[in-house]
Each structure stands twice: as structure tokens, then as C-alpha cells.
Amino acid sequence: PTIIEGTWENVVWDSATMSGGSISGNTFTDGVNGFSNGIARSVQTINPATGGGEMKCTKSYSYAMCGFAKDPYWSGGDVYKNGGYSHMIYRSDVYEYIGGVYQNTGSFTGHSSNTVYGVSIDENGLIEYSADGVVFHTSTNTASGDYYALATPYNSGNFVTAEIKINQLTDMTTTTGT
């Protein structure tokens, strides 16, 4: 199998499942205070079994989270836990929840309001976190199944602007003539 790397495209936020904010292009802006509401997920998904992918975002300096998550989708409580499965960057820290349980953390220094945050999941389920294109943490967890980009700003007016790259796993078997 060979990985065909996707191209960056704007995240399309799912307006049917968005809560507590507004969508403008690939930006989700929170309309409420706190992490009890204000969440949006992308229509696009990635899956390690089909090649994985990446998401990158810019966000309000300290008060927003972005990353990947999978179902079950949020139905109440802290939005960044997203029903129990999320891989998110907040400020300069990594937040991971598996089955609703906080797993591990990584962090980096030197972030600013211009930092581009990234989360990637490869074809083997390896999860990496980056800032401005430099990987600063590799998860000890392994991803499987369908993941969507997730935005969870903290307070009214905070935002997440995101892009996604969807890779494809292909069987590049070649045959020779007889």
C-alpha cells in the first residue's frame, strides 16, 4: 500500500450539529461563555485505515481548542471531551480523552496569537501534535475509526479557523506483461 497525500482544503463545519456559535467559511466563532457549549465538527472525516490525514488551525490566542475527535459526538458537559474521544490542543498543551478519561499530555513553549496548531493521524493510527509545523508531542494512544476536525472555543467571540488534509491509502500493485 502507498499513501497518496491529500491537499489542504478549508474545513466545512457541520451546521446541523454545531452548537452555541456561528459559522463563517472555515471559521467557527463561539457565542457563549465557558466550555459547556460552543462546539463544531467538520463534515470531512479521516480514518487511519484509509490513509489518515491532518488538520491545522489558527485560533483565539489562549481560549480555544482545536483538533480531531470521533463519535459519540458531544451531548452535554465539557465540549472538549466530545463524548469521550478527542485529541485537542489548548494554549500550549495537549488534551486527550479516550472513553471519557484524560490520558496524557504534552506541551510546548513559544506560542503566540499567530501560531498554527496541527494534529495528524497517520495510516497506523499514530497521533502527532505540532506548532508552526514542528512536532512537539507524539501520543501514546493509537487512533482508529473515523475522525472529524473539532473546534471548541472558550468564550463568546473566541474562534477556530481550520483546514484539513485527507490522505488516501492505495494499493499500487504493478503487473508485468507476459
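Before reading further, recall that the structure is shown in the block above.
Predicted model, so just to flag it, every value in this text is computed and none were measured. Starting afresh in each chain, residues are numbered from 1 along the sequence in its written order. It should be noted that, the model being predicted, local features are given only for residues of pLDDT at least 70 and side-chain atom pairs only at 80 or more, the latter also being counted only at that level, while totals for whole chains, interfaces and linings use all residues. Excluding hydrogens and water, the side-chain figures rest on all heavy atoms present in the structure.

Draft legend 1. Structural detail: the state of the cysteines. Whenever a pair of cysteine sulfur atoms sits within 2.5 Å, that pair is classed as a disulfide. If you walk through the whole model with that rule in mind, you get one disulfide. Note that Cys57 is cross-linked by a disulfide to Cys66, the S-S spacing being 2.0 Å. By the burial criterion, Cys57 is buried, and Cys66 matches it. Accessibility here uses a 1.4 Å probe with only protein chains present; expressed as a share of the type maximum, an area under 20% marks a residue as buried, one over 50% as exposed, and anything in between as partly exposed.

Draft legend 2. Spotlight on the pairing of strand β3 (residues 21-24). The pairing criterion for strands is at least two bridges between them, as found by DSSP. Secondary structure follows DSSP: runs of H or I at least 4 residues long count as helices, runs of E at least 2 residues long count as strands, and numbering of each begins at the N terminus. Here four bridges tie β3 to strand β4 (residues 27-30), and the two strands are oriented antiparallel to one another. Among the inter-strand pairings, Gly21 is bridged to a residue of β4, identified as Asp30. Connecting the antiparallel pair β3 and β4 is a turn made up of two residues, with Gly25 showing a positive phi of about 60 degrees.

Draft legend 3. Representation of the packing of aromatic side chains in the model. Between the rings of Phe, Tyr and Trp (Trp by its six-membered ring), a pair exists once the centres lie within 6.5 Å; its type follows the angle of the planes, with under 30 degrees stacked, over 60 edge-to-face, and the other angles tilted. Taken as a whole and assessed by the stated rule, the structure comprises eleven aromatic pairs. On the basis of an interplanar angle of 75 degrees and a centroid distance of 5.0 Å, the ring pair of Phe35 and Tyr80 is categorised as edge-to-face. Of this pair, Phe35 sits in the loop between β4 and β5 (40-46) while Tyr80 sits in the loop between β7 (64-69) and β8 (86-90), and the two are 45 residues apart along the sequence. The same class applies to Phe35 and to Tyr80, which are both buried. Pairing Tyr80 with Tyr95 gives two aromatic rings, centres 5.9 Å apart and planes at 70 degrees, and the pair type is edge-to-face. In this pair, Tyr80 is assigned in the loop between β7 and β8 and Tyr95 in strand β9 (residues 93-98), connecting sequence segments 15 residues apart.

Draft legend 4. Structural view of the sheet that holds β9. The strand order across the open sheet built from six strands is β5-β14-β7-β8-β9-β10, with neighbouring strands paired in antiparallel fashion. With one partner strand each, in any of the chains shown, β5 and β10 (101-102) form the two edges of the open sheet. The sheet contact formed by β9 and β10 spans two bridges and is antiparallel. Residue Ile98 lies in a different strand from β10, and its bridge partner there is Val101.

Draft legend 5. Structural view of the pattern of salt bridges. Whenever a carboxyl oxygen of Asp or Glu lies within 4 Å of a side-chain nitrogen of Lys or Arg, that contact is scored as a salt bridge. All chains considered together, the criterion is met by four salt bridges. Residue Lys165 is joined to Glu5 by a salt bridge in which the shortest nitrogen-to-oxygen separation is 2.5 Å. Taken as a pair, Lys165 in strand β15 (residues 159-166) and Glu5 in the loop between β1 (2-4) and β2 (9-10) lie far apart in primary sequence, 160 residues in all. A salt bridge links Lys81 to Asp78, with the nearest nitrogen and oxygen atoms 3.8 Å apart. A relative accessible area of 29% means that Lys81 is categorised as partly exposed. Look at Asp78 and you get partly exposed, because its relative accessible area is 33%. Three or more residues joined by partner-sharing salt bridges are found here, namely Glu5, Glu54 and Lys165.

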